[in-house]
Amino acid sequence: MESTIPDPHAETPTPPATPERAGRVEAHGIDRIPESERHGRPRELFAVWAAPNVSYLSLVVGGTLTLIGLDLWQALAVIVAGNLLWALVGLVAVSGPASGTPSEVVMRAMFGTRGNRVNIAVTGWFVSVCYLALSWAAASLAAFALADEAGLHLGTAAEVVVITAIAAATLAISIYGHATIVRLYLPFTLVLSAVFTVLGGYVLGRADWGYRPEQPLHGAALVAALAGGLTLVASAPLSYNNSADFARYLPPGSRPAAVAGWTALGGFVPSVLFTFLGTLAGTTLDMTDPQTALTTVLPSWFKPAFLLAIVLSAVANNAMTAYSSGLALQAVGLRVRRSRSVALDGTLGVALTLYALLVSNFLDTVNSMLELMVALTGPTMAVYATDVLLRRNRYDGHALTDESRDGPFWYTGGVHRAGAAALVVGAAAAALCVTTPLYTGPVAHALGDTDLSLPVGLLGAAGVYLLTTRRRTAV
C-alpha cells in the first residue's frame, strides 16, 4: 500500500503565456507553476502574512481572555504560547516552492487523490467560508458604526448592501490573485499598523498593568480557562494550512528556512502584539462589545480612521481566505476557473455573514466557531507538518498534479489510509475534548469543561501518521 516517494526532476523552462503581475487576473489555479514563472524572495511573505493579522479579530480574542477570567500575565502567556503554532504555518509553506503547487494539491501526498477531496471539502473549503463570514461580520459592524458617525441610520436593506460591497472589494483582490496580494499587502500592513499603533497609545494610557479579575480563578477552573484561551488563540494559525498557496511562486531554490521564517514571523509578530492589546483593553473596558468599548477611549476625530481600519483588516484577511477557498473548490473537483470559484465562495460567505449579524450574537459566534474549528484544523495541520518532515520537503509537482489511477498518489482506491486514519482519529479525539457554548465533548465535561482539543488533536493525528508511515522516512 505504501508508495515510493518520487524525487523531483528538472524541468525545461518554457516562456509563460501570460506573465503574472499585479493588476492582471491570475491565470493559474491549482496547476503547477512552471519554473519560468517563479519569482520573488521569501522576505515578501512577511507582509503577505502580517497584513491579515493586524486584525480587529485579534483584539476581540485578546479581550475575550479577560472575559473568561484570566489576569493580564496569564493572558500574555496564553497569547505567546498559542501563537507559537505559526511555526507550523511556516513549516508547511516550504512545500510551495518545492512543488510549485498550492497546499490543496500538496495534501494529495498525505490523503490520496480522492481522499484529499474530502479533506479539502471540510478542512479547506468549509473552514474558509466560515472564516469569510466571521471577518466580514466584524467589518460590517464597523461600517454600520461609521455610517452612524456620519448621521446615517441604516435599515436592513442598506446593511445588506454594505455587506455586499465589502465582500465585492475583497473578492476583487482575490480574483486578481497572487501578484496583486503581494503588491497590496505591504501598504496594507503599514496603514493598519499605523492606525492600530495610535489605538494602542490610547489603550495603554488607560490599561491596568496590575489587573486581576474580581474573582481570581484557581485549580480546575484556572486550568479550564487557560486551556480554552490557548485553543482560542491557536485557532488563528491552525486555520492557515494553506500557506503553500502564497509561497508556490517563489523559485524552487528558495531557502526553506527563509520561507518558513518569514511566513511564521509575519503571522506571529502582529498576532501577539494586537491580541495582547485587546487584553490590555479588557483590563479597564467591557469587551463584551469590543468595537463600542474601544471607540469610547478614542477622540472623535480618530474614530472614523479606526472603523475604516477594521474594514480594511477584514478585507486583507478575507482576500487571502477567498483566494485559497477558490483553490479548494478546484481541488475538490469543481471544473471552473479560479475566479468563478472565488465568486461562488464569496456568495456563500455573504449568506453566512448575514446570519452572523442578523440572527446570531456576533461574539458568541466568533468564540464558538474558532474553538470548534480547532478540532478539524489542528489534526490537518499536524498531518501536513509531519509529512513535510518525513519527506524532507521533497514533493514532485508533476506527480502531485497526476490524478489518474496510475499516479503515485492514488494509493488504494484513491485514498491514503494512513493519512485518512490520522485525520479521523485526531479529529474524533479532539471532538471528545472540546468545550464551547454550542457543544462540549464528554471527555471535556468529565474534566470540568477543560478543553484539551488542541493538544489531543495535534498529537493524536501526528502520532497515528508517524506510526502508520514509518517506512516512508527514507527518501
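This text goes with the structure placed above it.
To keep things clear, this report deals only with the structure shown in the data block.

Procedures and definitions
Residues numbered from 1 in each chain as written. Predicted model: local features only at pLDDT ≥ 70, side-chain atom pairs only at ≥ 80, totals over all residues. Heavy atoms only, no water. Helix = DSSP H or I, 4+ residues; strand = E, 2+ residues; numbered from the N terminus. Buried < 20%, exposed > 50% of the residue type's maximum accessible area, 1.4 Å probe, protein only. Contact = heavy atoms within 4.5 Å. Areas by Shrake-Rupley, 256 points an atom, 1.4 Å probe, with all protein chains shown as cover. Lys, Arg positive; Asp, Glu negative; His and termini not counted. Charge placed at Lys NZ, Arg CZ, Asp CG, Glu CD. Axes fitted to C-alpha atoms, helices over the stretch in contact; angles between N-to-C directions. Parallel < 35°, antiparallel > 145°, perpendicular 65-115°, else oblique. Left-handed = near helix turned anticlockwise from the far one by under 90°. Nonpolar A, V, L, I, M, F, W, Y, C, P; charged D, E, K, R; others polar. Phe/Tyr/Trp six-rings, centres within 6.5 Å; stacked < 30°, edge-to-face > 60°. Core = buried A, V, L, I, M, F, W, Y, C linked by side-chain atoms within 4.5 Å. Patch = residues over 30% accessible without salt bridge, like charges linked within 9 Å, V, L, I, M, F, W, Y side chains within 5 Å. Salt bridge = Lys/Arg side-chain N within 4 Å of Asp/Glu carboxyl O. 1 Å grid on protein atoms, 1.4 Å probe; cavity = no way out; pocket = protein on both sides within 12 Å on 5 of 7 lines; lining within 4 Å. Points joined across faces, edges and corners; volume = space filled by probe spheres on them.

Within the protein, the regular secondary structure consists of 20 helices and 0 strands. Its C-alpha atoms put the protein at 60 × 50 × 40 Å along the principal axes. Within the protein, the fraction of its 475 residues that count as buried is 57%. Of the contacts made within the protein by residues no fewer than 6 positions apart, 85% connect residues no fewer than 24 positions apart. If you sum the accessible surface of the protein, you get close to 18100 Å²; carbon and sulfur atoms cover 65% of it. Charge centroids of the protein, computed over 27 positive and 29 negative side chains, lie 11 Å from each other.

It is the contact of helix 8 (residues 113-149) with helix 14 (residues 303-332), at a shortest axis distance of 8 Å, that shows an interaxial angle of 160°. On the basis of the axis angle, helix 8 is roughly antiparallel to helix 14. Handedness of the crossing formed by helix 8 with helix 14: left-handed. Here the contact of helix 8 with helix 14 is built from residues that sort into 23 nonpolar, 7 polar and 3 charged.

Glancing now at the packing of aromatic side chains. If you walk through the whole model with that rule in mind, you get 15 aromatic pairs. Aromatic pair Trp 301 and Phe 302: ring centres 5.5 Å apart, planes at 70°, arrangement edge-to-face. Through pairs of rings, three or more aromatic residues link up here, namely Trp 49, Trp 86, Tyr 240, Phe 246 and Tyr 323.

Core analysis: the largest hydrophobic core is formed by 120 residues, its most contacted members being Trp 49, Leu 59, Met 110, Phe 196, Leu 199, Leu 294 and Phe 306. With 15 residues, helix 14 is the largest single contributor of residues to this core. Beyond its immediate chain neighbours, meaning those up to four positions away, Leu 199 contacts Leu 59, Leu 277, Leu 294, Leu 298, Phe 302 and Phe 306.

Right, let's talk about a nonpolar patch on the surface for a bit. Nonpolar side chains collect at one region of the surface, where Trp 262, Leu 265, Val 269 and Leu 273 lie side by side and expose about 350 Å² of accessible area between them. For Leu 273, a relative accessible area of 54% corresponds to the exposed category.

A few words on the pattern of salt bridges. What the rule picks out here adds up to 7 salt bridges. Across the pair Glu 26 and Arg 338 runs a salt bridge whose closest N-O atoms are separated by 3.9 Å. Of this pair, Glu 26 sits in the segment before helix 1 (44-50) while Arg 338 sits in helix 15 (residues 338-358); the two residues are 312 residues apart in sequence, bridging distant segments of the chain. Classification of Glu 26 as buried rests on a relative accessible area of 6%. Using a relative accessible area of 3% as the deciding quantity, one classes Arg 338 as buried. Among the ionic pairs, Glu 403 bridges to Arg 108, the shortest N-O distance being 3.5 Å. Residue Glu 403 is found in the loop between helix 17 (397-400) and helix 18 (417-432), and its partner Arg 108 is found in helix 7 (residues 108-111); the two are separated by 295 residues along the sequence. A relative accessible area of 24% means that Glu 403 is categorised as partly exposed. When its relative accessible area of 3% is taken as the criterion, Arg 108 is described as buried.

All right, on to empty space enclosed by the protein then. Tallying each qualifying case throughout the model produces 3 cavities of 30 Å³ or more. Volume-wise, the largest cavity comes out at about 420 Å³. Element by element, the count of residues in the lining of the largest cavity is highest for helix 8, at 6 residues. Considering only residue class, the lining of the largest cavity consists of 14 nonpolar, 17 polar and 1 charged. If you trace the second largest cavity, you find it lined by His 39, Gly 40, Arg 41, Glu 44, Leu 45, Val 48, His 178, Val 182, Phe 246, Tyr 249 and Leu 250. Taken together, the residues that form the lining of the second largest cavity break down as 6 nonpolar, 3 polar and 2 charged.

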